[in-house]
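Residue-level structure breakdown
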Amino acid sequence: MTITNQLVYYEVFDDIYNAITREKQLKKWKRQWKIELIEKFNPRWEDLEI
């Protein structure tokens, strides 16, 4: 089994509490909604890791 980890989406926050709130919000989303969010941000699913 091959496990691949890539950074394909991220959001920047000035406040840790806003970041945590957003993370909790996204965890409740359906998988398809998450995929659509990624594809708007990074349509080619390129690895964004520096």
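Glancing now at the side chain of Asn 42. Summarising the element assignment, Asn 42 is placed in the segment after α2 (31-41). Among the residues examined, Asn 42 registers a relative accessible area of 6% and is labelled buried. Polar side-chain contacts of Asn 42 include one of 3.2 Å to the backbone oxygen of Val 8. With near-sequence residues (within four places) excluded, Asn 42 lies in contact with Val 8 and Leu 48.

Time to look at the environment of Glu 23. Mapping Glu 23 onto the fold places it in helix α1 (residues 16-27). Overall, the relative accessible area of 44% leaves Glu 23 in the partly exposed class. A C-alpha to C-alpha distance of 9.7 Å links Glu 23 and Glu 11, two positions twelve residues apart in sequence.

Tallying each qualifying case throughout the model produces three aromatic pairs. Ring geometry for Tyr 9 and Phe 41: centres 4.9 Å apart, planes at 75°, overall edge-to-face. Linking Tyr 9 in the segment before α1 with Phe 41 in helix α2, this pair joins segments that are 32 residues apart in sequence. Of the residues examined, Phe 41 reaches a relative accessible area of 38% and is grouped as partly exposed. A centroid spacing of 6.2 Å and a plane angle of 80° characterise the contact between Trp 29 and Trp 33, whose relative ring orientation is edge-to-face. Classification of Trp 33 as partly exposed rests on a relative accessible area of 44%. Grouped by ring-pair contacts, the aromatic residues Tyr 9, Tyr 10 and Phe 41 constitute a single cluster.

So, how was this worked out
Residues numbered from 1 in each chain as written. Predicted model: local features only at pLDDT ≥ 70, side-chain atom pairs only at ≥ 80, totals over all residues. Heavy atoms only, no water. Helix = DSSP H or I, 4+ residues; strand = E, 2+ residues; numbered from the N terminus. Buried < 20%, exposed > 50% of the residue type's maximum accessible area, 1.4 Å probe, protein only. Polar contact = N/O pair within 3.5 Å; in protein donor to acceptor, adjacent residues only side chain to side chain. Contact = heavy atoms within 4.5 Å. Phe/Tyr/Trp six-rings, centres within 6.5 Å; stacked < 30°, edge-to-face > 60°.

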